[in-house]
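A structural walkthrough
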Amino acid sequence: MVARIFGFAAVAACLAVPVFAAVALSDAAGSYTISPAGSSIRFSVGKAGGGGLAGAFARFKGSIRIDNSNIGRSQVNITIFPESVGTGQRRVDAFLRSDAVFDAGNNPEIQFRSTSVKRTGDTSALVTGRLTARGKTFPEKFTAELAGLKAGTIRFHVTGQVLRSRYGMDVGTPIYSNVVDFDMTLTGRRG
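Now for a look at the structure at hand. Quantities reported herein were computed from a predicted structural model and do not represent experimental measurements.

Things to note about the pairing of strand E3 (residues 52-57)
Only one face of E3 is buried: it carries Leu53, Gly55 and Phe57, and the other face, with Gly52, Ala54 and Ala56, is open. Hairpin connection between strand E2 (residues 40-47) and E3: a loop of 4 residues separates the two successive antiparallel strands, and Gly49 in this loop has a positive phi of roughly 85°. As paired strands, E3 and strand E6 (residues 85-86) are joined by 2 bridges and run antiparallel to one another. Within E6, the position partnered with Phe57 by the bridge is Val85.

Shown next, in the form of structure tokens:
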């Protein structure tokens, strides 16, 4: 269940936000390929009474395009491979990959495609897009904060929440929260 939510959030979060602030847009503008090196897609799901579940996706890919003339036309595309989910517990990982949650055998990808990017501050933006998991697509929002730009490499810290029930991954509720929290670091290299 957490994995389901995470998958969605991760996709959404992966979208990273093309936004920029202290850095001149002319410097940040361009197309970037998300690099697994320096990037991470983490998720967590709370549990009644404390504790919960936390994990990450080891395999994902994507791109970020920052439009110099109109930030709203910037784009983020992220694909997460749910079979790569890891929590440090083999039984939990197998359960998350199963048809009870991600159904990775029949749904090998979770995708996030941005539909709009709205600058919310000097270095922050709200990225809205469509998250697709287990054959279901819903609008999701993620916040992105520019964390660095140096020598053709850009880094964003992306956070957001996804309701796993929307994607048919609500096994274990209400003991486990329906809300999946995503915390991502997306590093892109200018292409």
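Digging into the packing of aromatic side chains
Under the defined criterion, the tally for this structure stands at 5 aromatic pairs. Each ring, one from Phe112 and one from Phe142, has its centre 5.6 Å from the other, and the planes form 90°; the classification is edge-to-face. On the criterion of sequence distance, the pair formed by Phe112 in strand E7 (residues 110-119) and Phe142 in strand E9 (residues 136-150) is long-range, its members being 30 residues apart. Comparing Phe112 with Phe142 shows no difference in burial state: the two are buried. Measuring from ring centre to ring centre gives 6.4 Å for Phe142 and Phe182, while their planes differ by 70°; the resulting arrangement is edge-to-face. One end of the pair, Phe142, is in strand E9; the other, Phe182, is in strand E11 (residues 176-190), with 40 residues separating them in the sequence. For Phe182, a relative accessible area of 3% puts it in the buried group. Members of the aromatic cluster, joined through ring pairs, are Phe43, Phe57 and Phe102. Over the face of the ring belonging to Phe81 we find Arg59, whose NZ or CZ atom lies 4.3 Å from the ring centre.

Reading guide: rules and limits
Note on numbering: residues in each chain are counted from 1, in written sequence order. Residues qualify for local features only when their pLDDT is at least 70, as the model is predicted, and side-chain atom pairs are given and counted only at 80 or more; totals for whole chains, interfaces and linings, by contrast, use all residues. Each side-chain value is worked out from all heavy atoms of the structure, with water and hydrogens disregarded. The rule is simple: take the accessible area with a 1.4 Å probe, protein chains only, and divide by the maximum for that residue type; under 20% is buried, over 50% is exposed, in between is partly exposed. A run of DSSP states H or I qualifies as a helix once it reaches four residues; a run of E qualifies as a strand once it reaches two. Both are numbered from the N-terminal end. Any two strands are treated as partners once DSSP identifies two or more bridges connecting them. A pair of aromatic rings is counted whenever rings of Phe, Tyr or Trp (Trp by its six-membered ring) have centres within 6.5 Å, and the orientation is called stacked for planes under 30 degrees apart, edge-to-face for over 60 and tilted otherwise. Think of it as a cone above the ring: NZ of Lys or CZ of Arg counts as a charge over the ring if it is within 6 Å of the ring centre and within 35 degrees of the ring normal.

Keep in mind these numbers describe shape, not what the thing actually does.
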